[in-house]
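Chain and residue survey
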Amino acid sequence: MTVLADLTFSAVALSAVYFLAASGLSLIYGLMDVLNFAHGLFMTLGAYAAWDLTTHLTTQLSAPLNFAVGVVAAILAGGLVAGLTELWLIRPLYGRPISQILITIGLDLAAVGLLLGGFGSNSLSMPVPLWLFEATHWGSLNLPNADFVALIAGVVVLVGLEWFLRRTRYGIIIRAGVENRDMVRALGIDVGRAFTLVFVLGGAMAGLAGLLNSVVFSGDLVSPLQGDGLLIFAFIVVVIGGLGSIRGSAVAALLVGVVQDFSNYYLGTHPGMAEIGNLSVVLLLAVVLEWRPRGLFGGTL
Amino acid sequence: MSTAIDISDLHVTIGGSHILQGVSLQVASGEVVALLGRNGVGKTTTLRALMGLVPRTGAVRVRDQDVTRWPPHRIARLGVAYVPEDRDVFSALTVGENLRLAEQVAAPNYDGVYELFPELRQRTRQRAGTLSGGQQQMVAVARALLNEWPVLVVDEPSKGLAPRLVSELTDVLARVSATTTMLVVEQNLAVVRRLAQRVVVLDHGAVVHQGPVADLEDARLMRQLLGVSA
(Lines give C-alpha, C1' and ligand atoms only; values in the text may rest on other atoms or scores of the structure.)
Protein backbone atom coordinates (compact mmCIF):
# COMPACT_ATOMS: atom_id res chain seq x y z
CA MET A 1 0.00 0.00 0.00
CA THR A 2 2.83 2.36 0.91
CA VAL A 3 4.61 1.63 -2.35
CA LEU A 4 1.42 2.27 -4.27
CA ALA A 5 0.89 5.63 -2.56
CA ASP A 6 4.53 6.69 -3.03
CA LEU A 7 4.37 5.65 -6.65
CA THR A 8 1.11 7.49 -7.26
CA PHE A 9 2.52 10.66 -5.73
CA SER A 10 5.62 10.45 -7.87
CA ALA A 11 3.49 9.82 -10.99
CA VAL A 12 1.30 12.83 -10.25
CA ALA A 13 4.40 15.02 -9.85
CA LEU A 14 5.68 13.79 -13.21
CA SER A 15 2.24 14.55 -14.65
CA ALA A 16 2.48 18.11 -13.34
CA VAL A 17 5.72 18.68 -15.29
CA TYR A 18 4.16 17.13 -18.41
CA PHE A 19 1.16 19.42 -18.00
CA LEU A 20 3.37 22.51 -17.72
CA ALA A 21 5.25 21.44 -20.83
CA ALA A 22 2.11 20.58 -22.80
CA SER A 23 -0.39 23.29 -21.90
CA GLY A 24 1.45 26.06 -23.76
CA LEU A 25 1.98 23.82 -26.75
CA SER A 26 -1.72 23.02 -26.77
CA LEU A 27 -2.80 26.66 -26.48
CA ILE A 28 -0.44 27.70 -29.27
CA TYR A 29 -1.75 25.03 -31.61
CA GLY A 30 -5.38 25.52 -30.60
CA LEU A 31 -5.40 29.26 -31.24
CA MET A 32 -2.85 29.63 -33.98
CA ASP A 33 -2.58 26.25 -35.72
CA VAL A 34 1.17 26.45 -35.14
CA LEU A 35 2.96 23.17 -34.45
CA ASN A 36 5.75 24.70 -32.43
CA PHE A 37 8.80 22.45 -32.48
CA ALA A 38 10.80 25.16 -30.69
CA HIS A 39 8.79 24.55 -27.52
CA GLY A 40 11.49 22.20 -26.23
CA LEU A 41 13.98 25.02 -26.68
CA PHE A 42 11.88 27.28 -24.44
CA MET A 43 12.08 24.57 -21.76
CA THR A 44 15.83 24.21 -22.15
CA LEU A 45 16.42 27.97 -22.11
CA GLY A 46 14.28 28.31 -19.00
CA ALA A 47 16.47 25.78 -17.20
CA TYR A 48 19.70 27.40 -18.46
CA ALA A 49 18.55 30.89 -17.47
CA ALA A 50 17.82 29.59 -13.97
CA TRP A 51 21.16 27.80 -13.83
CA ASP A 52 23.11 30.82 -15.08
CA LEU A 53 21.50 33.28 -12.71
CA THR A 54 21.58 31.09 -9.60
CA THR A 55 25.16 29.96 -10.28
CA HIS A 56 26.77 33.29 -11.20
CA LEU A 57 24.66 36.23 -10.09
CA THR A 58 22.65 35.48 -7.01
CA THR A 59 24.88 33.05 -5.15
CA GLN A 60 25.01 35.32 -2.11
CA LEU A 61 21.29 34.82 -1.54
CA SER A 62 19.97 32.13 0.78
CA ALA A 63 19.36 28.80 -0.99
CA PRO A 64 15.53 29.05 -1.01
CA LEU A 65 15.64 32.65 -2.26
CA ASN A 66 18.22 31.74 -4.87
CA PHE A 67 15.93 28.94 -6.06
CA ALA A 68 13.00 31.36 -6.19
CA VAL A 69 15.11 33.67 -8.36
CA GLY A 70 15.79 30.68 -10.61
CA VAL A 71 12.08 29.96 -10.95
CA VAL A 72 11.36 33.56 -11.93
CA ALA A 73 14.30 33.56 -14.37
CA ALA A 74 13.07 30.35 -16.03
CA ILE A 75 9.56 31.75 -16.45
CA LEU A 76 10.80 35.09 -17.81
CA ALA A 77 13.36 33.55 -20.15
CA GLY A 78 10.87 31.07 -21.60
CA GLY A 79 8.22 33.78 -22.05
CA LEU A 80 10.62 36.33 -23.54
CA VAL A 81 12.18 33.97 -26.07
CA ALA A 82 8.75 32.62 -27.03
CA GLY A 83 7.37 36.12 -27.51
CA LEU A 84 10.29 37.14 -29.71
CA THR A 85 9.96 33.90 -31.66
CA GLU A 86 6.32 34.70 -32.42
CA LEU A 87 7.03 38.30 -33.39
CA TRP A 88 10.11 37.70 -35.53
CA LEU A 89 9.77 34.21 -36.95
CA ILE A 90 6.20 32.95 -36.75
CA ARG A 91 4.24 36.13 -37.54
CA PRO A 92 5.47 36.41 -41.15
CA LEU A 93 4.57 32.75 -41.68
CA TYR A 94 0.92 32.55 -40.62
CA GLY A 95 -1.04 30.34 -42.98
CA ARG A 96 2.14 28.51 -44.02
CA PRO A 97 2.25 25.48 -41.67
CA ILE A 98 5.13 23.71 -43.39
CA SER A 99 7.29 26.85 -43.15
CA GLN A 100 6.34 27.22 -39.47
CA ILE A 101 7.36 23.65 -38.72
CA LEU A 102 10.64 24.05 -40.58
CA ILE A 103 11.54 27.35 -38.94
CA THR A 104 10.75 26.14 -35.42
CA ILE A 105 12.76 22.96 -35.99
CA GLY A 106 15.58 25.08 -37.40
CA LEU A 107 15.46 27.46 -34.45
CA ASP A 108 15.57 24.55 -32.02
CA LEU A 109 18.51 22.89 -33.78
CA ALA A 110 20.46 26.14 -34.07
CA ALA A 111 19.89 27.20 -30.48
CA VAL A 112 20.67 23.76 -29.07
CA GLY A 113 23.85 23.83 -31.18
CA LEU A 114 24.76 27.18 -29.66
CA LEU A 115 24.13 25.84 -26.16
CA LEU A 116 26.31 22.81 -26.89
CA GLY A 117 29.04 25.12 -28.21
CA GLY A 118 28.75 27.56 -25.33
CA PHE A 119 28.22 25.25 -22.38
CA GLY A 120 29.44 21.90 -23.67
CA SER A 121 27.54 18.65 -23.84
CA ASN A 122 28.02 17.77 -20.18
CA SER A 123 25.13 18.36 -17.85
CA LEU A 124 25.51 21.29 -15.47
CA SER A 125 24.57 21.15 -11.83
CA MET A 126 22.20 23.80 -10.56
CA PRO A 127 22.39 25.05 -6.98
CA VAL A 128 19.12 24.12 -5.31
CA PRO A 129 18.11 24.00 -1.65
CA LEU A 130 18.99 20.70 0.01
CA TRP A 131 15.43 20.27 1.30
CA LEU A 132 14.36 19.67 -2.30
CA PHE A 133 16.18 16.34 -2.16
CA GLU A 134 14.68 15.43 1.18
CA ALA A 135 11.32 13.81 1.76
CA THR A 136 8.34 14.65 3.89
CA HIS A 137 7.33 11.75 6.06
CA TRP A 138 3.61 11.34 6.40
CA GLY A 139 2.74 8.24 8.34
CA SER A 140 4.51 5.45 6.53
CA LEU A 141 4.77 7.52 3.33
CA ASN A 142 7.94 9.20 2.09
CA LEU A 143 6.95 12.00 -0.23
CA PRO A 144 9.87 13.78 -1.98
CA ASN A 145 9.79 17.55 -1.47
CA ALA A 146 10.75 18.14 -5.11
CA ASP A 147 7.59 16.28 -6.12
CA PHE A 148 5.59 18.61 -3.89
CA VAL A 149 7.10 21.62 -5.66
CA ALA A 150 6.23 20.18 -9.09
CA LEU A 151 2.71 19.31 -7.98
CA ILE A 152 2.07 22.75 -6.49
CA ALA A 153 3.44 24.44 -9.62
CA GLY A 154 1.20 22.32 -11.85
CA VAL A 155 -1.92 23.01 -9.79
CA VAL A 156 -1.18 26.75 -9.53
CA VAL A 157 -0.66 27.01 -13.30
CA LEU A 158 -3.80 24.96 -14.05
CA VAL A 159 -5.96 27.07 -11.73
CA GLY A 160 -4.33 30.29 -12.97
CA LEU A 161 -4.83 29.37 -16.61
CA GLU A 162 -8.46 28.41 -16.03
CA TRP A 163 -9.03 31.72 -14.24
CA PHE A 164 -7.27 33.65 -17.00
CA LEU A 165 -9.16 31.89 -19.81
CA ARG A 166 -12.58 32.20 -18.18
CA ARG A 167 -12.45 35.49 -16.29
CA THR A 168 -10.35 37.90 -18.36
CA ARG A 169 -11.14 39.56 -21.66
CA TYR A 170 -7.94 38.20 -23.22
CA GLY A 171 -8.90 34.74 -22.02
CA ILE A 172 -12.27 35.04 -23.72
CA ILE A 173 -10.54 36.29 -26.89
CA ILE A 174 -8.25 33.26 -26.84
CA ARG A 175 -11.13 30.80 -26.31
CA ALA A 176 -13.11 32.46 -29.07
CA GLY A 177 -10.05 32.55 -31.33
CA VAL A 178 -9.57 28.80 -30.95
CA GLU A 179 -13.12 28.39 -32.28
CA ASN A 180 -13.25 31.00 -35.05
CA ARG A 181 -10.39 33.44 -35.57
CA ASP A 182 -12.02 35.27 -38.47
CA MET A 183 -15.10 36.12 -36.46
CA VAL A 184 -12.98 37.46 -33.61
CA ARG A 185 -11.23 39.75 -36.11
CA ALA A 186 -14.55 40.82 -37.58
CA LEU A 187 -15.62 41.96 -34.10
CA GLY A 188 -12.79 44.49 -34.15
CA ILE A 189 -10.24 42.52 -32.14
CA ASP A 190 -6.57 42.38 -33.07
CA VAL A 191 -5.96 38.64 -32.78
CA GLY A 192 -2.24 39.21 -33.38
CA ARG A 193 -1.84 40.54 -29.83
CA ALA A 194 -3.58 37.47 -28.46
CA PHE A 195 -1.22 35.31 -30.55
CA THR A 196 1.83 36.97 -29.01
CA LEU A 197 0.35 36.69 -25.53
CA VAL A 198 -0.35 32.99 -26.00
CA PHE A 199 3.21 32.41 -27.15
CA VAL A 200 4.56 34.32 -24.14
CA LEU A 201 2.33 32.35 -21.75
CA GLY A 202 3.22 29.05 -23.38
CA GLY A 203 6.93 29.89 -23.30
CA ALA A 204 6.74 30.94 -19.64
CA MET A 205 5.12 27.64 -18.67
CA ALA A 206 7.66 25.77 -20.80
CA GLY A 207 10.51 27.59 -19.03
CA LEU A 208 9.10 26.57 -15.67
CA ALA A 209 8.64 22.99 -16.91
CA GLY A 210 12.28 22.93 -18.03
CA LEU A 211 13.51 24.04 -14.63
CA LEU A 212 11.28 21.63 -12.72
CA ASN A 213 12.25 18.79 -15.02
CA SER A 214 15.88 19.46 -14.10
CA VAL A 215 15.19 19.72 -10.41
CA VAL A 216 12.63 16.96 -9.96
CA PHE A 217 13.66 14.30 -12.45
CA SER A 218 17.24 14.99 -13.48
CA GLY A 219 18.92 15.39 -10.09
CA ASP A 220 19.37 19.19 -10.47
CA LEU A 221 21.15 18.77 -13.83
CA VAL A 222 20.68 21.01 -16.85
CA SER A 223 21.55 19.80 -20.34
CA PRO A 224 21.12 21.20 -23.87
CA LEU A 225 18.88 18.37 -25.09
CA GLN A 226 16.62 18.08 -22.07
CA GLY A 227 13.83 20.14 -23.62
CA ASP A 228 13.71 18.06 -26.77
CA GLY A 229 13.31 14.89 -24.68
CA LEU A 230 10.45 16.45 -22.75
CA LEU A 231 8.88 17.83 -25.94
CA ILE A 232 8.06 14.34 -27.22
CA PHE A 233 5.96 13.62 -24.14
CA ALA A 234 4.43 17.10 -24.31
CA PHE A 235 3.26 16.38 -27.86
CA ILE A 236 1.81 13.03 -26.77
CA VAL A 237 -0.05 14.72 -23.91
CA VAL A 238 -1.43 17.40 -26.26
CA VAL A 239 -2.64 14.82 -28.78
CA ILE A 240 -4.23 12.59 -26.12
CA GLY A 241 -5.87 15.55 -24.40
CA GLY A 242 -7.13 17.11 -27.62
CA LEU A 243 -5.39 19.92 -29.48
CA GLY A 244 -6.20 23.26 -27.87
CA SER A 245 -7.77 21.89 -24.68
CA ILE A 246 -6.19 22.91 -21.36
CA ARG A 247 -8.39 20.57 -19.33
CA GLY A 248 -7.60 17.85 -21.83
CA SER A 249 -3.88 18.48 -21.32
CA ALA A 250 -4.29 18.21 -17.55
CA VAL A 251 -6.17 14.89 -17.76
CA ALA A 252 -3.85 13.51 -20.43
CA ALA A 253 -0.75 14.52 -18.45
CA LEU A 254 -2.13 12.61 -15.47
CA LEU A 255 -2.79 9.53 -17.60
CA VAL A 256 0.63 9.64 -19.24
CA GLY A 257 2.48 10.20 -15.95
CA VAL A 258 0.64 7.40 -14.16
CA VAL A 259 0.97 4.89 -17.02
CA GLN A 260 4.67 5.69 -17.47
CA ASP A 261 5.62 5.55 -13.79
CA PHE A 262 3.60 2.44 -12.99
CA SER A 263 4.88 0.59 -16.06
CA ASN A 264 8.46 1.47 -15.20
CA TYR A 265 8.07 0.36 -11.60
CA TYR A 266 6.20 -2.90 -12.12
CA LEU A 267 7.61 -4.02 -15.47
CA GLY A 268 10.80 -2.04 -16.05
CA THR A 269 13.01 -4.22 -13.87
CA HIS A 270 12.47 -7.28 -16.05
CA PRO A 271 15.22 -8.09 -18.57
CA GLY A 272 14.83 -6.13 -21.79
CA MET A 273 11.99 -4.01 -20.39
CA ALA A 274 13.95 -0.88 -19.49
CA GLU A 275 11.95 1.27 -21.92
CA ILE A 276 8.57 -0.20 -21.04
CA GLY A 277 7.38 3.11 -19.55
CA ASN A 278 7.89 4.97 -22.81
CA LEU A 279 6.39 2.12 -24.82
CA SER A 280 3.32 2.10 -22.57
CA VAL A 281 2.81 5.80 -23.22
CA VAL A 282 2.92 5.24 -26.98
CA LEU A 283 0.43 2.38 -26.61
CA LEU A 284 -1.82 4.66 -24.56
CA LEU A 285 -1.62 7.23 -27.37
CA ALA A 286 -2.59 4.61 -29.95
CA VAL A 287 -5.55 3.37 -27.89
CA VAL A 288 -6.89 6.88 -27.27
CA LEU A 289 -6.53 7.88 -30.93
CA GLU A 290 -8.29 4.68 -32.03
CA TRP A 291 -11.12 5.43 -29.61
CA ARG A 292 -11.26 9.23 -29.96
CA PRO A 293 -9.28 10.49 -32.97
CA ARG A 294 -9.55 14.14 -31.83
CA GLY A 295 -8.29 13.32 -28.35
CA LEU A 296 -10.18 13.16 -25.07
CA PHE A 297 -11.29 16.79 -25.04
CA GLY A 298 -10.75 17.76 -28.69
CA GLY A 299 -12.53 20.97 -29.63
CA THR A 300 -13.01 22.43 -26.16
CA LEU A 301 -10.78 24.75 -24.19
CA MET B 1 -25.51 62.32 -49.03
CA SER B 2 -22.03 60.90 -48.30
CA THR B 3 -21.03 57.35 -49.22
CA ALA B 4 -20.68 54.88 -46.34
CA ILE B 5 -19.51 51.94 -48.46
CA ASP B 6 -17.83 52.28 -51.84
CA ILE B 7 -16.64 49.10 -53.53
CA SER B 8 -15.13 49.29 -56.99
CA ASP B 9 -13.80 46.60 -59.30
CA LEU B 10 -13.57 44.03 -56.50
CA HIS B 11 -11.99 40.72 -57.48
CA VAL B 12 -11.69 37.65 -55.26
CA THR B 13 -10.08 34.37 -56.25
CA ILE B 14 -10.25 31.44 -53.83
CA GLY B 15 -8.70 28.07 -54.54
CA GLY B 16 -8.35 28.89 -58.23
CA SER B 17 -12.00 30.00 -58.58
CA HIS B 18 -12.47 33.59 -59.71
CA ILE B 19 -15.51 34.25 -57.50
CA LEU B 20 -15.86 38.04 -57.69
CA GLN B 21 -15.12 39.44 -61.12
CA GLY B 22 -15.17 43.19 -60.72
CA VAL B 23 -18.01 43.97 -58.31
CA SER B 24 -18.75 47.67 -57.89
CA LEU B 25 -21.42 49.06 -55.61
CA GLN B 26 -22.06 51.98 -53.30
CA VAL B 27 -24.17 52.40 -50.20
CA ALA B 28 -24.96 55.96 -49.13
CA SER B 29 -24.95 56.93 -45.45
CA GLY B 30 -28.27 56.03 -43.89
CA GLU B 31 -29.28 53.87 -46.84
CA VAL B 32 -30.29 50.20 -46.69
CA VAL B 33 -29.16 48.20 -49.71
CA ALA B 34 -30.04 44.55 -50.31
CA LEU B 35 -27.59 42.38 -52.20
CA LEU B 36 -29.50 39.75 -54.16
CA GLY B 37 -28.68 36.89 -56.48
CA ARG B 38 -28.92 33.18 -56.99
CA ASN B 39 -26.95 30.79 -54.79
CA GLY B 40 -23.21 30.83 -55.39
CA VAL B 41 -23.00 34.13 -57.30
CA GLY B 42 -20.70 35.76 -54.71
CA LYS B 43 -22.99 37.61 -52.28
CA THR B 44 -21.39 36.25 -49.11
CA THR B 45 -17.91 36.61 -50.62
CA THR B 46 -18.67 40.29 -51.35
CA LEU B 47 -19.46 40.88 -47.68
CA ARG B 48 -16.42 38.89 -46.52
CA ALA B 49 -14.22 40.84 -48.93
CA LEU B 50 -15.68 44.10 -47.62
CA MET B 51 -14.74 43.01 -44.08
CA GLY B 52 -11.23 42.02 -45.20
CA LEU B 53 -11.80 38.35 -44.43
CA VAL B 54 -10.70 37.10 -47.86
CA PRO B 55 -7.79 38.26 -50.05
CA ARG B 56 -9.08 40.70 -52.64
CA THR B 57 -8.03 43.23 -55.25
CA GLY B 58 -9.82 46.37 -56.31
CA ALA B 59 -10.76 49.24 -54.02
CA VAL B 60 -12.86 49.26 -50.86
CA ARG B 61 -13.69 52.51 -49.11
CA VAL B 62 -15.64 52.66 -45.88
CA ARG B 63 -16.75 55.98 -44.37
CA ASP B 64 -14.35 57.85 -46.67
CA GLN B 65 -11.32 55.73 -45.72
CA ASP B 66 -9.52 53.47 -48.15
CA VAL B 67 -9.58 50.15 -46.27
CA THR B 68 -8.46 47.94 -49.14
CA ARG B 69 -5.29 46.88 -47.34
CA TRP B 70 -6.65 47.02 -43.81
CA PRO B 71 -6.98 43.90 -41.64
CA PRO B 72 -10.52 42.95 -40.55
CA HIS B 73 -10.23 44.30 -37.01
CA ARG B 74 -9.32 47.79 -38.25
CA ILE B 75 -12.22 47.81 -40.70
CA ALA B 76 -14.61 46.77 -37.94
CA ARG B 77 -13.29 49.46 -35.60
CA LEU B 78 -14.05 52.04 -38.24
CA GLY B 79 -17.64 51.39 -37.23
CA VAL B 80 -18.67 48.37 -39.27
CA ALA B 81 -20.65 45.68 -37.48
CA TYR B 82 -20.90 42.31 -39.20
CA VAL B 83 -23.45 39.52 -38.85
CA PRO B 84 -22.12 36.56 -40.83
CA GLU B 85 -24.04 33.86 -42.63
CA ASP B 86 -24.68 30.94 -40.25
CA ARG B 87 -24.31 33.31 -37.25
CA ASP B 88 -20.84 32.20 -36.19
CA VAL B 89 -21.57 32.60 -32.50
CA PHE B 90 -18.83 31.17 -30.31
CA SER B 91 -20.49 27.97 -29.18
CA ALA B 92 -18.11 27.24 -26.29
CA LEU B 93 -18.67 30.73 -24.84
CA THR B 94 -21.74 31.81 -22.91
CA VAL B 95 -24.16 34.35 -24.33
CA GLY B 96 -22.70 36.92 -21.94
CA GLU B 97 -19.16 36.14 -23.08
CA ASN B 98 -20.20 36.41 -26.74
CA LEU B 99 -21.54 39.88 -26.04
CA ARG B 100 -18.58 40.89 -23.86
CA LEU B 101 -16.23 39.89 -26.65
CA ALA B 102 -17.97 42.31 -29.00
CA GLU B 103 -17.53 45.32 -26.68
CA GLN B 104 -15.43 47.94 -28.46
CA VAL B 105 -16.72 51.19 -26.99
CA ALA B 106 -16.57 52.60 -23.47
CA ALA B 107 -20.31 52.31 -22.95
CA PRO B 108 -21.77 49.39 -24.91
CA ASN B 109 -25.53 49.62 -25.29
CA TYR B 110 -26.63 46.55 -23.33
CA ASP B 111 -29.96 48.16 -22.40
CA GLY B 112 -30.80 48.69 -26.05
CA VAL B 113 -29.77 45.17 -27.01
CA TYR B 114 -31.79 43.59 -24.20
CA GLU B 115 -34.77 45.75 -25.11
CA LEU B 116 -34.63 44.35 -28.64
CA PHE B 117 -33.95 40.78 -27.47
CA PRO B 118 -35.34 40.41 -23.91
CA GLU B 119 -34.77 36.66 -24.06
CA LEU B 120 -31.00 37.11 -24.08
CA ARG B 121 -31.02 38.78 -20.68
CA GLN B 122 -32.15 35.51 -19.08
CA ARG B 123 -29.63 33.45 -21.01
CA THR B 124 -26.38 35.30 -20.34
CA ARG B 125 -24.89 32.27 -18.54
CA GLN B 126 -26.05 29.73 -21.12
CA ARG B 127 -23.51 28.36 -23.58
CA ALA B 128 -24.24 29.75 -27.03
CA GLY B 129 -23.78 26.31 -28.58
CA THR B 130 -26.85 25.06 -26.74
CA LEU B 131 -29.15 27.79 -28.12
CA SER B 132 -31.65 27.24 -30.92
CA GLY B 133 -30.89 28.65 -34.37
CA GLY B 134 -33.15 31.64 -33.75
CA GLN B 135 -31.58 32.40 -30.40
CA GLN B 136 -28.11 32.16 -31.95
CA GLN B 137 -29.18 34.64 -34.60
CA MET B 138 -30.32 36.97 -31.82
CA VAL B 139 -26.85 36.71 -30.25
CA ALA B 140 -25.17 37.39 -33.60
CA VAL B 141 -27.32 40.48 -34.23
CA ALA B 142 -27.03 41.63 -30.61
CA ARG B 143 -23.23 41.40 -30.89
CA ALA B 144 -23.39 43.63 -33.94
CA LEU B 145 -25.65 46.22 -32.32
CA LEU B 146 -23.84 46.48 -28.98
CA ASN B 147 -21.46 49.26 -30.04
CA GLU B 148 -24.09 51.22 -31.99
CA TRP B 149 -21.77 51.38 -34.94
CA PRO B 150 -22.97 53.38 -37.95
CA VAL B 151 -22.62 50.64 -40.58
CA LEU B 152 -24.22 47.20 -40.35
CA VAL B 153 -23.33 44.37 -42.75
CA VAL B 154 -25.73 41.43 -42.45
CA ASP B 155 -25.55 38.14 -44.31
CA GLU B 156 -28.85 36.25 -44.67
CA PRO B 157 -30.44 37.15 -41.32
CA SER B 158 -33.55 35.05 -41.99
CA LYS B 159 -31.73 31.90 -43.10
CA GLY B 160 -33.06 28.77 -41.42
CA LEU B 161 -35.44 30.63 -39.09
CA ALA B 162 -39.12 29.91 -38.47
CA PRO B 163 -41.52 32.48 -40.03
CA ARG B 164 -42.38 34.02 -36.66
CA LEU B 165 -38.71 34.58 -35.84
CA VAL B 166 -38.07 36.01 -39.31
CA SER B 167 -40.82 38.52 -38.66
CA GLU B 168 -39.44 39.46 -35.22
CA LEU B 169 -35.91 39.79 -36.53
CA THR B 170 -37.07 41.89 -39.46
CA ASP B 171 -38.83 44.21 -37.00
CA VAL B 172 -35.56 44.61 -35.09
CA LEU B 173 -33.54 45.31 -38.23
CA ALA B 174 -36.18 47.77 -39.43
CA ARG B 175 -35.86 49.68 -36.16
CA VAL B 176 -32.08 49.65 -36.42
CA SER B 177 -32.16 50.77 -40.06
CA ALA B 178 -33.66 54.08 -39.00
CA THR B 179 -30.27 55.11 -37.62
CA THR B 180 -27.84 52.80 -39.41
CA THR B 181 -26.44 52.26 -42.88
CA MET B 182 -27.06 48.65 -43.90
CA LEU B 183 -25.80 46.30 -46.57
CA VAL B 184 -27.81 43.11 -46.29
CA VAL B 185 -27.70 39.85 -48.22
CA GLU B 186 -31.14 38.27 -48.12
CA GLN B 187 -33.03 35.65 -50.11
CA ASN B 188 -36.40 36.37 -48.50
CA LEU B 189 -37.90 39.08 -50.72
CA ALA B 190 -40.53 39.99 -48.15
CA VAL B 191 -37.72 40.89 -45.75
CA VAL B 192 -35.95 42.83 -48.50
CA ARG B 193 -39.12 44.81 -49.26
CA ARG B 194 -39.50 45.66 -45.59
CA LEU B 195 -35.90 46.80 -45.06
CA ALA B 196 -34.26 47.99 -48.26
CA GLN B 197 -34.50 51.16 -50.28
CA ARG B 198 -32.35 49.82 -53.09
CA VAL B 199 -31.36 46.42 -54.48
CA VAL B 200 -28.14 45.28 -56.13
CA VAL B 201 -28.25 42.00 -58.04
CA LEU B 202 -25.16 39.84 -58.56
CA ASP B 203 -24.67 37.13 -61.15
CA HIS B 204 -21.48 35.21 -61.91
CA GLY B 205 -19.47 37.42 -59.58
CA ALA B 206 -20.52 40.75 -61.08
CA VAL B 207 -23.28 43.32 -60.58
CA VAL B 208 -25.96 42.85 -63.24
CA HIS B 209 -28.62 45.19 -61.91
CA GLN B 210 -29.02 48.08 -59.48
CA GLY B 211 -32.24 49.90 -58.79
CA PRO B 212 -34.89 50.90 -56.28
CA VAL B 213 -36.57 48.20 -54.22
CA ALA B 214 -39.65 48.75 -56.36
CA ASP B 215 -37.85 46.79 -59.07
CA LEU B 216 -38.81 43.67 -57.12
CA GLU B 217 -42.36 44.18 -58.37
CA ASP B 218 -41.23 43.72 -61.97
CA ALA B 219 -41.99 40.01 -62.32
CA ARG B 220 -40.23 39.62 -65.67
CA LEU B 221 -37.07 41.30 -64.38
CA MET B 222 -37.03 39.21 -61.22
CA ARG B 223 -37.48 35.96 -63.17
CA GLN B 224 -34.66 37.02 -65.44
CA LEU B 225 -32.30 38.06 -62.63
CA LEU B 226 -33.19 35.73 -59.78
CA GLY B 227 -35.16 32.93 -61.41
CA VAL B 228 -38.08 33.57 -59.05
CA SER B 229 -41.52 35.12 -59.20
CA ALA B 230 -41.39 38.13 -56.94
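Residues numbered from 1 in each chain as written. Chains lettered and ligands numbered in written order. Predicted model: local features only at pLDDT ≥ 70, side-chain atom pairs only at ≥ 80, totals over all residues.

1. Some remarks on the overall build of chain B
- If you tally the helices and strands in chain B, you get 9 helices and 10 strands.
- Relative to the compact-globule value of 17 Å for 230 residues, chain B shows a C-alpha radius of gyration of 17 Å, a close match.
- Taken over the C-alpha atoms alone, chain B extends approximately 45 × 40 × 40 Å along its principal axes. (Helix = DSSP H or I, 4+ residues; strand = E, 2+ residues; numbered from the N terminus. Rg over C-alpha atoms; globule rule 2.2 N^0.38 Å.)

2. Quick notes on the domain arrangement of chain B
Residues and elements named next belong to chain B.
- For chain B, the assigned domains read domain 1 (3-79 + 151-226) and domain 2 (90-149).
- Distance from the C-alpha centre of domain 1 to the C-alpha centre of domain 2: 23 Å.
- Those elements that place two or more of their residues in the side of domain 1 that touches domain 2 are strand E7 (151-155) and helix H7 (163-177).
- Among the elements that make up the side of domain 1 that touches domain 2, the one with the highest residue count is H7 (4 residues).
- Across the side of domain 1 that touches domain 2, the residue classes tally to 9 nonpolar, 2 polar and 1 charged. (Domains from an automatic or database assignment. Nonpolar A, V, L, I, M, F, W, Y, C, P; charged D, E, K, R; others polar.)

3. Focus: the sheet that holds E7(B)
Residue and element names in this part refer to chain B.
- Taken together, the 6 strands give an open sheet; going across it, the order is E6-E7-E8-E3-E9-E10, and neighbouring strands pair in mixed fashion. In this open sheet, the two edge strands, each paired with only one partner strand, are strand E6 (80-83) and strand E10 (206-212). In this sheet, adjacent strand axes meet at a mean angle of 15° when their direction is disregarded.
- Two strands pair when backbone bridges link them, and strand E3 (residues 32-36) and strand E9 (residues 198-203) are joined in this way by 4 bridges, in the parallel orientation. The partner of Leu-36 across the bridge, within E9, is Val-201. (Pairing = 2+ DSSP bridges. Axes fitted to C-alpha atoms, helices over the stretch in contact; angles between N-to-C directions.)

4. Details of the nonpolar core
- By size, the foremost hydrophobic cluster in this structure holds 173 residues, and its most contacted members are Tyr18(A), Leu20(A), Val198(A), Leu212(A), Ala234(A) and Val237(A).
- Split by domain, the residues of this core number at least three in each of domain 1 (3-79 + 151-226) and domain 2 (90-149) of chain B.
- Among residues more than four places away in sequence, those in contact with Tyr18(A) are Phe233(A), Ala234(A), Val237(A), Ala253(A), Val256(A) and Gly257(A). (Core = buried A, V, L, I, M, F, W, Y, C linked by C-beta atoms within 7 Å. Buried ≥ 20, exposed ≤ 12 C-beta atoms within 10 Å, placed from the backbone. Contact = placed C-beta atoms within 7 Å.)

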